[in-house]
Amino acid sequence: MLEYPKFDPIALQIGPLAIHWYGLMYLAGFALVYLLGRRRITSGHTTSLNVKDLEDLIFYSVLGVVLGGRLGYVLFYKPAYYLANPLEVLYLWQGGMSFHGGLIGVILVMLLFARKKRLPFFAVSDFIAPLIPLGLGFGRLGNFINGELWGRPTDVPWAMVFPDSGDGLPRHPSQLYELGLEGIVLFVLLWWFSSKPRPLGQVSGLFLMGYGTFRFLVEFTREPDNFLGLLAGGLSMGQWLSLPMVALGAIMFSLTAKRSSR
C-alpha cells in the first residue's frame, strides 16, 4: 500500500484571498488547450480557424464548462434535492460538477460558434477534440490533490488510504487512472489520429468513443456517489452517461467513414 501524499488544497493565501490547487489545475488545462491549439493553427493544420477564433472559443467554453457542468450535476445526480433547494444551484463553492454536463455546454458553444462563423460544426469540433484530453488530465490531477473522487476499496499494492474517505480503507487511486487514460492516452491517440486529414466528424467520433470507453472502465474502480450508489445493471451514473457517448461516437465514426469511401 502506498501512502497518500496529503496536500494542502490551498496553493497560495494572501490575506483573505485563497488560491486553490484545483482552480490552478483548471487554469493550466485551459492554458494548455490554448498553446496546443495555437501551435496547430500557426503550423497550418487548419485553415478554418485563426488564433482570435481560438481565443473566443476558449473564453466561451469556460462558461460552457462551468454552466453545463453545474446544471449537469443538478439534473443528472441530485434533481430532487435541488428542486427542493433551488437557490443552492448557485452555490458553486460547495462543489458538484458533471463532466458530461460540461461537455454538453461546450458542444452548445461550438454549435453557436460554427453557426456564427458559417463553418461546418465538425470543422470546429474536430479541431477542438484533440486539445481537450490533457485539460481533462489536469482536472483529474486536481481531484487527486484534493483527495476527492477516490476509488473503491482494494488490496492492490498501489492502493492508498484517502483521509477524507473516513474509513481508513486502502482504495484505488482512480483519479490517477483517469489522468492516465482520459488525459494522456486519449490525447496521444487523438493527436496521432488527427495529424493526418480525416473525414469531417471522425476525430470527434473517436473522442466520444475514447472518453466514453475509458470513463466506463475506470468507473469499475471508482467509488460510486454515496447518495446514488450503483444503478441498474450494477453500473454507476458515470457509466450510464458514458454509454451513449460510445454509441454516438461509433455511429459518427462509421457514417463518416462510409461517406468518405464513396
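Before going into details, it helps to say that this report is about the structure given with it. Because the structure is a prediction, the values reported are computed rather than measured.

A few points about a nonpolar patch on the surface
Then comes step 1: A contiguous nonpolar surface patch, about 790 Å² in accessible area, is contributed by Y26, F59, Y60, V62, L63, V66, L67, L92 and M97.
Then comes step 2: Ranked by the residues each element gives to the nonpolar patch, the list is headed by helix α2 (residues 51-76), at six residues.
Then comes step 3: Considering the arrangement of structural elements, one finds F59 in helix α2.

Details of the pattern of salt bridges
Then comes step 1: Tallying each qualifying case throughout the model produces ten salt bridges.
Then comes step 2: In this structure, K117 and D53 form a salt bridge, with 3.1 Å as the shortest nitrogen-oxygen distance. One end of the pair, K117, is in helix α4 (residues 99-117); the other, D53, is in helix α2, and 64 residues separate them in sequence.
Then comes step 3: Judged by relative accessible area, which is 5%, D53 ranks as buried.
Then comes step 4: Residue E219 pairs with R215 through a salt bridge whose shortest N-O separation is 2.7 Å.

Details of the nonpolar core
Then comes step 1: Counting 21 residues, the largest nonpolar core has L36, L57, M110, V124, F127, I128 and L131 as its most contacted members.
Then comes step 2: Residue assignment for this core shows that the elements contributing at least two residues are α1 (21-42), α2, α4, α5 (121-128) and α7 (174-193).
Then comes step 3: Filtering out sequence-adjacent residues up to four positions away, V124 remains in contact with L57, M110, F113, A114 and L119.
Then comes step 4: Counting residues in each nonpolar core, the second largest holds 15 residues, with F99, L186, V203 and Y211 among its members.

Quick look at α2
Then comes step 1: The end-to-end C-alpha distance of α2, which contains 26 residues, comes to 35 Å, matching closely the 38 Å that a straight helix rising 1.5 Å per residue would cover.
Then comes step 2: You can read the cap of α2 off the contacts: a side-chain oxygen lies 3.1 Å from the backbone nitrogen of K52, and it is on N50.

Quick look at the pairing of strand β2 (residues 17-20)
Then comes step 1: Looking at chain direction, strand β1 (residues 10-14) and β2 are connected through four bridges and run antiparallel. Its bridge partner being in β2, Q13 is matched across the sheet by A18.
Then comes step 2: Connecting β1 to the next strand, β2, in antiparallel fashion are two residues, including G15 with a positive phi near 60 degrees.

Here's the deal with the packing of α7 against helix α8 (residues 202-218)
Two quantities define a packed helix pair, namely the angle between the axes and the distance from one axis to the other.
Then comes step 1: At a minimum axis distance of 10 Å, the contact between α7 and α8 shows a crossing angle of 160 degrees. Relative to α8, the element α7 lies roughly antiparallel. Read as a crossing pair, α7 and α8 show a hand that is right-handed. Where α7 approaches α8, its residues S174, Y177, E178, L181, E182, V185, L186, L189, L190 and F193 are matched on the opposing element by Q202, V203, L206, F207, G210, Y211, F214, R215 and V218.

Reading guide: rules and limits
- Residues numbered from 1 in each chain as written.
- Predicted model: local features only at pLDDT ≥ 70, side-chain atom pairs only at ≥ 80, totals over all residues.
- Heavy atoms only, no water.
- Patch = residues over 30% accessible without salt bridge, like charges linked within 9 Å, V, L, I, M, F, W, Y side chains within 5 Å.
- Areas by Shrake-Rupley, 256 points an atom, 1.4 Å probe, with all protein chains shown as cover.
- Salt bridge = Lys/Arg side-chain N within 4 Å of Asp/Glu carboxyl O.
- Helix = DSSP H or I, 4+ residues; strand = E, 2+ residues; numbered from the N terminus.
- Buried < 20%, exposed > 50% of the residue type's maximum accessible area, 1.4 Å probe, protein only.
- Core = buried A, V, L, I, M, F, W, Y, C linked by side-chain atoms within 4.5 Å.
- Contact = heavy atoms within 4.5 Å.
- Expected span 1.5 Å × (residues − 1).
- Polar contact = N/O pair within 3.5 Å; in protein donor to acceptor, adjacent residues only side chain to side chain.
- Pairing = 2+ DSSP bridges.
- Axes fitted to C-alpha atoms, helices over the stretch in contact; angles between N-to-C directions.
- Parallel < 35°, antiparallel > 145°, perpendicular 65-115°, else oblique.
- Left-handed = near helix turned anticlockwise from the far one by under 90°.

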